[in-house]
Amino acid sequence: MSIPFWCVFISALLIFVARVPVARAMKAQGGYDNHLPRSQQAQLTGLGARAVAAHQNSFEAFLLFAVGVLMAHTTQTQGFLIDTLAIIFVLARIIYLPLYWYDLAWQRSLVWSVGLISSLLLMLSPTFRQLLA
């Protein structure tokens, strides 16, 4: 499996890593309500609420990244730059989660931007495929 595909796999796992503090916050709120978990999540505050937002953002970021990797792959755009963009995205998401959890807002936004730019460049990579060869 290629480096970008491994990065897609790791990014998918990070969606569930982002969920861990949510479950802990729900448990601390009197137990995990498996009947109405979304209602319970809506009542979370502080770290719990930020963890929910980070979890939701992980889905949003994953979609763009996975599409970018697939666009590069289906157009046979590959090489060091594609691998590097995929790794940068994963590293940005790894850094992003604790920044969101611990309310480091401007740092989180900066790291989020790095991940977004990586995804967008992956989407655009077929247009500069000749430069990558």
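Residues numbered from 1 in each chain as written. Predicted model: local features only at pLDDT ≥ 70, side-chain atom pairs only at ≥ 80, totals over all residues. Heavy atoms only, no water.

A few points about the packing of aromatic side chains
- Throughout the structure, instances matching the rule amount to three aromatic pairs.
- Aromatic side chains W6 and F9 sit 5.9 Å apart centroid to centroid with 85 degrees between the ring planes, which places their arrangement in the edge-to-face category. With W6 and F9 both in helix α1 (residues 3–17) and three residues apart, this pair spans about one turn of that helix.
- Its relative accessible area of 43% is what places W6 among the partly exposed residues. (Phe/Tyr/Trp six-rings, centres within 6.5 Å; stacked < 30°, edge-to-face > 60°. Helix = DSSP H or I, 4+ residues; strand = E, 2+ residues; numbered from the N terminus. Buried < 20%, exposed > 50% of the residue type's maximum accessible area, 1.4 Å probe, protein only.)

Examining the UniProt feature "transmembrane region" (unreviewed entry) in the protein chain
- As recorded in UniProt, the sites labelled "transmembrane region" (unreviewed entry) are residues 79–99 and 105–124.
- Annotation note: span residues 79–99, helix share 95%, strand share 0%, distance between end C-alpha atoms 31 Å.
- Summarising residues 105–124: 100% helix, 0% strand, and an end-to-end C-alpha distance of 28 Å. (UniProt positions renumbered as here; feature names shortened; annotations may be inferred.)

A closer look at the environment of G31
- Checked against the element boundaries, G31 lands in the loop between α2 (20–28) and α3 (37–42).
- The partly exposed category is assigned to G31, whose relative accessible area is 26%.
- Considering only alpha carbons, one finds G31 and G48, 17 residues apart in sequence, at a separation of 13 Å.
- Residues contacting G31, with those up to four places away along its chain left out, are M26 and Q40. (Contact = heavy atoms within 4.5 Å.)

A short note on the packing of helix α4 (residues 46–74) against helix α5 (residues 80–101)
- Closest axis-to-axis distance for the α4/α5 pair is 9 Å, and the angle between their directions is 175 degrees. As summarised for this structure, α4 and α5 are arranged roughly antiparallel, according to the angle between their axes. Along its contact with α4, which presents L47, R50, A51, A53, A54, N57, S58, A61, F65 and A72, the element α5 presents I82, A86, F89, R93, Y96, L97, Y100 and W101. (Axes fitted to C-alpha atoms, helices over the stretch in contact; angles between N-to-C directions. Parallel < 35°, antiparallel > 145°, perpendicular 65-115°, else oblique.)

A closer look at a nonpolar patch on the surface
- Taken together, M1, W6, F9, I10 and L13 make up a surface patch of nonpolar side chains, about 520 Å² in accessible area.
- Position of M1 relative to the elements: it lies in the segment before α1.
- Judged by relative accessible area, M1 falls into the exposed class, the value being 64%. (Patch = residues over 30% accessible without salt bridge, like charges linked within 9 Å, V, L, I, M, F, W, Y side chains within 5 Å. Areas by Shrake-Rupley, 256 points an atom, 1.4 Å probe, with all protein chains shown as cover. Salt bridge = Lys/Arg side-chain N within 4 Å of Asp/Glu carboxyl O.)

What to know about unusual backbone geometry
- The phi dihedral of Q76 is positive, around 55 degrees, even though this residue is not glycine.
- Relative to the elements of secondary structure, Q76 occurs in the loop between α4 and α5.
- By relative accessible area, Q76 is classed as exposed at 62%.
- Phi at D103 is positive, roughly 60 degrees, even though this residue is not glycine.
- Turning to its location among the elements, D103 is positioned in the loop between α5 and α6 (105–124).

So, the packing of α4 against α6
- At a minimum axis distance of 7 Å, the contact between α4 and α6 shows a crossing angle of 30 degrees. Overall, the two elements α4 and α6 adopt an arrangement that is roughly parallel. As for the relative orientation of α4 and α6, their crossing is left-handed in sense. In this structure, α4 contributes N57, L64, F65, V67, G68, V69, M71 and A72 to the contact, and α6 contributes W112, L116, S119, L122 and M123.
- Partitioning the contact of α4 with α6 into residue classes produces 10 nonpolar, three polar and no charged. (Left-handed = near helix turned anticlockwise from the far one by under 90°. Nonpolar A, V, L, I, M, F, W, Y, C, P; charged D, E, K, R; others polar.)

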